[in-house]
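Remarks on the overall topology
Listed below, chain by chain, are the residues.
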Amino acid sequence: MGSVTVLSNDSIPKVLSDIVANETNHALWLNTLSLLEHLGSRKILLTQSSEETSEMILKHATEEARHALFFKKAARTIRPSFQLGYQNSALVRGTAARIYFAKLDTLVRRSLRKVFPDQKQFTYLAYLYTTTVIEKRAMVVYAAYDEILDRTQSPIRLTNLILEEEGHLSDMSAEMFRLDPNAKERLAALEAEESKIFARFWLQIREFSLN
């Protein structure tokens, strides 16, 4: 893939400001966030549906699906005619968004597979780590995005959604540290690798915002 570009968090507000300034692009961005939340909900249900499915898992999957719906409706708030699904033409760099999610999932599973041979424990920890790393990234993006929405007096706000994501992170952290004695070090290593994957994804978002 070549050299990895280091992404400054300062670049996130700039790119988001450019996107929000264009109503069409803003609607596409909201639909892209909807896609990512939908992918998360679907992944949880696909990997964690069993006789031992807990209330925490059901709550998390339900809230991710509700967040996907929230962003989908928000796109229509920006552009009332917006009625599209998740076609690439209805997204901001849709292929890149899907690749980001898939690569992160693969990264976590590869990291855990050799350490946790028990399939049940491996699957559950993969869910915990993937969710945690994605949602920690989402918190950075959502916080910057919400500030822009507030500054531009947008009818859309992410306050409640961010609070729910914070609750998810608290639940995930408690479980990870209960099950993995090396959770702190493992999570730090995964976050470092995620930052490289995200940087490549965000460069494509930036390119879109400049068009």
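Our subject in this report is the structure included herewith. Since this is a predicted model, take the numbers as computed values, not measurements.

1. Remarks on the overall build of the chain
Along its length, the chain carries seven helices and zero strands. Reading the chain from its N end, one meets helices and strands in the order α-α-α-α-α-α-α. Taken against the 2.2 N^0.38 rule, which gives 17 Å for 211 residues, the C-alpha radius of gyration of the chain at 17 Å falls within 12% of a compact globule. Dimensions of the chain along its principal axes, counting C-alpha atoms only, are 50 × 40 × 30 Å. Summing over all exposed atoms, the chain offers an accessible surface of approximately 10,800 Å²; the carbon and sulfur share of this is 54%. Of note, the chain has its 27 positive side-chain charges centred 7 Å away from the centre of its 26 negative side-chain charges.

2. Some remarks on the packing of aromatic side chains
Summed over all chains, the structure comprises nine aromatic pairs. Between Phe70 and Phe71 the ring centres are 5.2 Å apart and the planes differ by 65°, which places this aromatic pair in the edge-to-face class. When its relative accessible area of 30% is taken as the criterion, Phe70 is described as partly exposed. Plain terms: the ring middles of Tyr124 and Tyr127 are 5.9 Å apart, the flat faces sit at 35° to each other, and that makes the pair tilted. Here Tyr124 pairs with Tyr127, and both are found in helix H5 (residues 119-151), just three residues apart, close to one helical turn. Overall, Tyr124 belongs to the buried group, its relative accessible area being 17%. Its end group placed over the ring of Phe122, Arg113 keeps NZ or CZ at 3.8 Å from the ring centre.

3. What to know about the nonpolar core
With 66 residues, the main nonpolar core has Leu16, Trp29, Tyr129 and Tyr145 as its most contacted residues. For this core, the secondary structure elements donating two or more residues are helix H1 (11-20), helix H2 (23-48), helix H3 (55-78), helix H4 (94-113), H5, helix H6 (159-179) and helix H7 (183-210). Sequence-distant contacts of Tyr145, that is, excluding residues within four places in its chain, are made with Leu16, Val20, His26, Trp29, Leu30, Leu33 and Leu158.

4. Digging into the side chain of Asp105
Within the fold, Asp105 resides in helix H4. By relative accessible area, which is 12% here, Asp105 ends up buried. Other than its neighbours up to four places away in sequence, Asp105 contacts Lys43 and Thr130.

5. Considerations on the pattern of salt bridges
Counting across every chain of the model gives 12 salt bridges. Among the ionic pairs, Lys14 bridges to Asp18, the shortest N-O distance being 2.7 Å. Taken together, the residues Lys14 and Asp18, both in helix H1 and four residues apart, mark about one turn of the helix. For Asp18, a relative accessible area of 25% gives the class partly exposed. A salt bridge links Arg66 to Glu63, with the shortest nitrogen-to-oxygen separation between them at 3.9 Å. Of the two residues, Arg66 and Glu63 are both situated in helix H3; the distance of three residues between them amounts to about one turn of the helix.

Quick notes on the rules
Residue indices follow the written sequence of each chain, beginning from 1 at its first position. Only residues with pLDDT of at least 70 are given local features in this predicted model, and only at 80 or more are side-chain atom pairs given and counted; all residues enter the totals for whole chains, interfaces and linings. Processing note: side-chain calculations cover all non-hydrogen atoms of the structure and skip hydrogens and water entirely. Secondary structure elements are defined from DSSP: runs of H or I of at least 4 residues count as helices, runs of E of at least 2 residues count as strands, and each element is numbered from the N terminus. The quantity called the radius of gyration is restricted to C-alpha atoms. Its globule counterpart is 2.2 Å times the number of residues to the power 0.38. Every accessible area reported is derived by Shrake-Rupley at a probe size of 1.4 Å, with residue values counting cover from the shown protein chains alone. Positive residues here are Lys and Arg, negative ones are Asp and Glu, while His and the chain termini are left out of the count. Just so you know, the charge point we use is NZ for Lys, CZ for Arg, CG for Asp and CD for Glu. Each Phe, Tyr or Trp ring, with Trp reduced to its six-membered ring, pairs with another whose centre is within 6.5 Å; inter-plane angles below 30 degrees give stacked pairs, above 60 give edge-to-face pairs, and intermediate values give tilted ones. Accessibility here uses a 1.4 Å probe with only protein chains present; expressed as a share of the type maximum, an area under 20% marks a residue as buried, one over 50% as exposed, and anything in between as partly exposed. Any Lys NZ or Arg CZ found within 6 Å of a ring centre and within 35 degrees of that ring's normal is scored as a charge over the ring. Buried Ala, Val, Leu, Ile, Met, Phe, Trp, Tyr and Cys residues form a nonpolar core when they are joined through side-chain atoms within 4.5 Å. In what follows, a contact means two residues having at least one pair of non-hydrogen atoms within 4.5 Å. Whenever a carboxyl oxygen of Asp or Glu lies within 4 Å of a side-chain nitrogen of Lys or Arg, that contact is scored as a salt bridge.

Geometric values such as these leave the question of function open.
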